[in-house]
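Chain by chain, the residues run as shown.
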Amino acid sequence: MSEMTKLELMELFNLETPQKVTRLKKINAEFKTRLDEITRISEVITRGEVRGVEEIDSLTADLENHRDRCVQIKREVDIMMFDFTQDLRSINE
């Protein structure tokens, strides 16, 4: 199989970029929502507004879930950025 020409690489890059930008916008929105929830839950806990062990367990579980999802999101963004960098490198060679 032959390698793609610089022009073909640029065309593919330009074709894929709008979809990647759309995905990044969705990721940013979800990340912001999750960070806002982490802040809200943390404030509830630090202000002492927890009414029992069950509630603190639930809030802690929520914090862990939000944190875990943020880590997943970061991994996805890291992969996207690596791909972006590799694509640009291929075009510029």
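Read on for a plain summary of the structure. (Residues numbered from 1 in each chain as written. Predicted model: local features only at pLDDT ≥ 70, side-chain atom pairs only at ≥ 80, totals over all residues. Heavy atoms only, no water.)

### Brief notes about helix α1 (residues 6-46)
So, step 1. In this model, α1 (41 residues) spans 56 Å end to end at C-alpha, consistent with the 60 Å of a helix rising 1.5 Å per residue.
So, step 2. At T17, α1 shows its maximal kink, close to 35°; a proline, P18, follows between one and four residues later.
So, step 3. Where α1 is concerned, the buried positions are F13, I27, I41 and V44.
So, step 4. Contact partners of the buried residues in α1: α2 (53-92). (Helix = DSSP H or I, 4+ residues; strand = E, 2+ residues; numbered from the N terminus. Expected span 1.5 Å × (residues − 1). Bend = angle between axes of the 7 residues up to and from the residue. Buried < 20%, exposed > 50% of the residue type's maximum accessible area, 1.4 Å probe, protein only. Contact = heavy atoms within 4.5 Å.)

### Digging into the packing of α1 against α2
So, step 1. The geometry of α1 relative to α2 is characterised by a closest axis approach of 9 Å and an angle of 160° between their N-to-C directions. What the angle tells us is that α1 and α2 run roughly antiparallel. When you trace α1 past α2, the crossing you get is left-handed.
So, step 2. Here the contact of α1 with α2 is built from residues that sort into 21 nonpolar, four polar and 12 charged. (Axes fitted to C-alpha atoms, helices over the stretch in contact; angles between N-to-C directions. Parallel < 35°, antiparallel > 145°, perpendicular 65-115°, else oblique. Left-handed = near helix turned anticlockwise from the far one by under 90°. Nonpolar A, V, L, I, M, F, W, Y, C, P; charged D, E, K, R; others polar.)

### Considering a nonpolar patch on the surface
So, step 1. A cluster of nonpolar side chains, contributed by M4, L12 and L15, occupies part of the molecular surface with about 280 Å² of accessible area.
So, step 2. Mapped onto the fold, L15 is located in helix α1. (Patch = residues over 30% accessible without salt bridge, like charges linked within 9 Å, V, L, I, M, F, W, Y side chains within 5 Å. Areas by Shrake-Rupley, 256 points an atom, 1.4 Å probe, with all protein chains shown as cover. Salt bridge = Lys/Arg side-chain N within 4 Å of Asp/Glu carboxyl O.)

### Brief notes about the environment of T17
So, step 1. With respect to the helices, strands and loops of the structure, T17 is situated in helix α1.
So, step 2. Along the backbone, T17 and F84 are 67 residues apart, and their C-alpha atoms lie at a distance of 9.0 Å.

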